[in-house]
Amino acid sequence: MNRTRIVRGLRVLLPLLALAILSTLFLLGRKPGDEPRIPYARVDAENMVRDPRVTAPRYSGVTPDGAQISLSAADASTDPADGTIRTLRMDWRAPGENGLRAGLAAPLAETGGEAVQLSGGVQMHTSSGWRLTAPEIIAQITADRISATKGVAASAPFGEIAAGAMELVPDESGTGHVLNFTGGVRLIYRP
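Keep in mind that what you see is a predicted model, and the values were worked out from it rather than measured.

Draft legend 1. Structural detail: the overall build of the protein chain. Along the backbone of the protein chain there are two helices and 13 strands. Accessible area of the protein chain: about 13,100 Å², with a carbon and sulfur share of 56%.

Draft legend 2. Just the environment of Thr126, in detail. For Thr126, the location among the structural elements is in strand β6 (residues 115-126). With relative accessibility at 8%, the residue Thr126 sits in the buried group. Linking Thr126 and Asp91, residues 35 residues apart in sequence, is a C-alpha distance of 9.9 Å. Non-local contacts of Thr126, meaning those with residues more than four positions away in its chain, are made with Leu100, Arg101 and Ala102.

Draft legend 3. Highlighting the pairing of strand β7 (residues 131-140). The pairing of β6 with β7 spans nine bridges and is classified as antiparallel. Counted as the bridge partner of Val116 is Ala139 from β7. Looking at chain direction, β7 and strand β8 (residues 146-148) are connected through two bridges and run antiparallel. For Ala139, the partnering residue across the bridge sits in β8 and is Ile146. The turn joining β7 and β8, which pair antiparallel and follow one another in sequence, is formed by five residues.

Draft legend 4. Looking closely at unusual backbone geometry. A positive phi angle, close to 55 degrees, is found at Ala56, a residue other than glycine. You can see Ala56 is positioned in the loop between β1 (53-55) and β2 (58-62). Among the residues examined, Ala56 registers a relative accessible area of 48% and is labelled partly exposed.

Draft legend 5. Just the pattern of salt bridges, in detail. Under the definition given, this model contains five salt bridges. Residue Arg86 pairs with Asp75 through a salt bridge whose shortest N-O separation is 3.0 Å. Of the two residues, Arg86 is situated in strand β4 (residues 84-93) and Asp75 in strand β3 (residues 68-77); the sequence distance between them amounts to eleven residues. Arg86 sits in the partly exposed class, given a relative accessible area of 34%. The class of Asp75 is buried, set by a relative accessible area of 16%.

Draft legend 6. Broad picture of the environment of Ala74. Secondary-structure assignment places Ala74 in strand β3. Exposure remark for Ala74: the relative accessible area of 39% places this residue in the partly exposed category. Sequence separation between Ala74 and Pro107 is 33 residues; the distance between their C-alpha atoms is 9.4 Å. With sequence-adjacent residues up to four places away left out, Ala74 is seen in contact with Val54, Thr55, Ala56, Pro57, Arg86 and Thr87.

Draft legend 7. Just the pairing of strand β11 (residues 165-170), in detail. Both β8 and β11 contribute to a ladder of three bridges, which runs antiparallel. Within β11, the residue paired with Ile146 across the bridge is Leu168. Looking at chain direction, β11 and strand β12 (residues 177-182) are connected through six bridges and run antiparallel. Paired with Leu168 across the strands is Leu179, a residue of β12. In this structure, the hairpin formed by β11 and β12 is closed by a connection of six residues, where Gly174 is found at a positive phi of approximately 80 degrees.

Here is what the cut-offs are and how they apply
Residues numbered from 1 in each chain as written. Predicted model: local features only at pLDDT ≥ 70, side-chain atom pairs only at ≥ 80, totals over all residues. Heavy atoms only, no water. Helix = DSSP H or I, 4+ residues; strand = E, 2+ residues; numbered from the N terminus. Areas by Shrake-Rupley, 256 points an atom, 1.4 Å probe, with all protein chains shown as cover. Buried < 20%, exposed > 50% of the residue type's maximum accessible area, 1.4 Å probe, protein only. Contact = heavy atoms within 4.5 Å. Pairing = 2+ DSSP bridges. Salt bridge = Lys/Arg side-chain N within 4 Å of Asp/Glu carboxyl O.

Written out as structure tokens, the structure is:
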């Protein structure tokens, strides 16, 4: 009988003791604002709701002329009217086994229709050894054409070029590509 009394007493006493412990945890716990933020969540949630974006978008395609285009970015706006892309990287390759390759990088870009407009200090390099810098470059998605109309500075294997405009277009034979510089071209030849 003595053992039965102890078990009955513990059946009442243990749940009450557990309830008392939980109550003190809640009463003596920290205030809601005292907890530190998660260290890896450095985003502005309100801004993300106001301006929804796609993170790390990628696009690949082939132009009607056969050039391969690959675009990747840090993020892009989901608003079709906005079309802003941040930290864009574009890889372009002319058709053919030994086709010219060009890599472009820009802090900002906008898409619209048949072109991508890269801006904010665009860097471009080609497989033939050219390195170009321009405030803005327009790459045609539907054609084999890359152009800069607001000035360009280029470093080539033979020297340096500064010009008002530049175009990368197919040559007349259609087998290669040519960089055309216009608008006050200045060449510094370094043999």
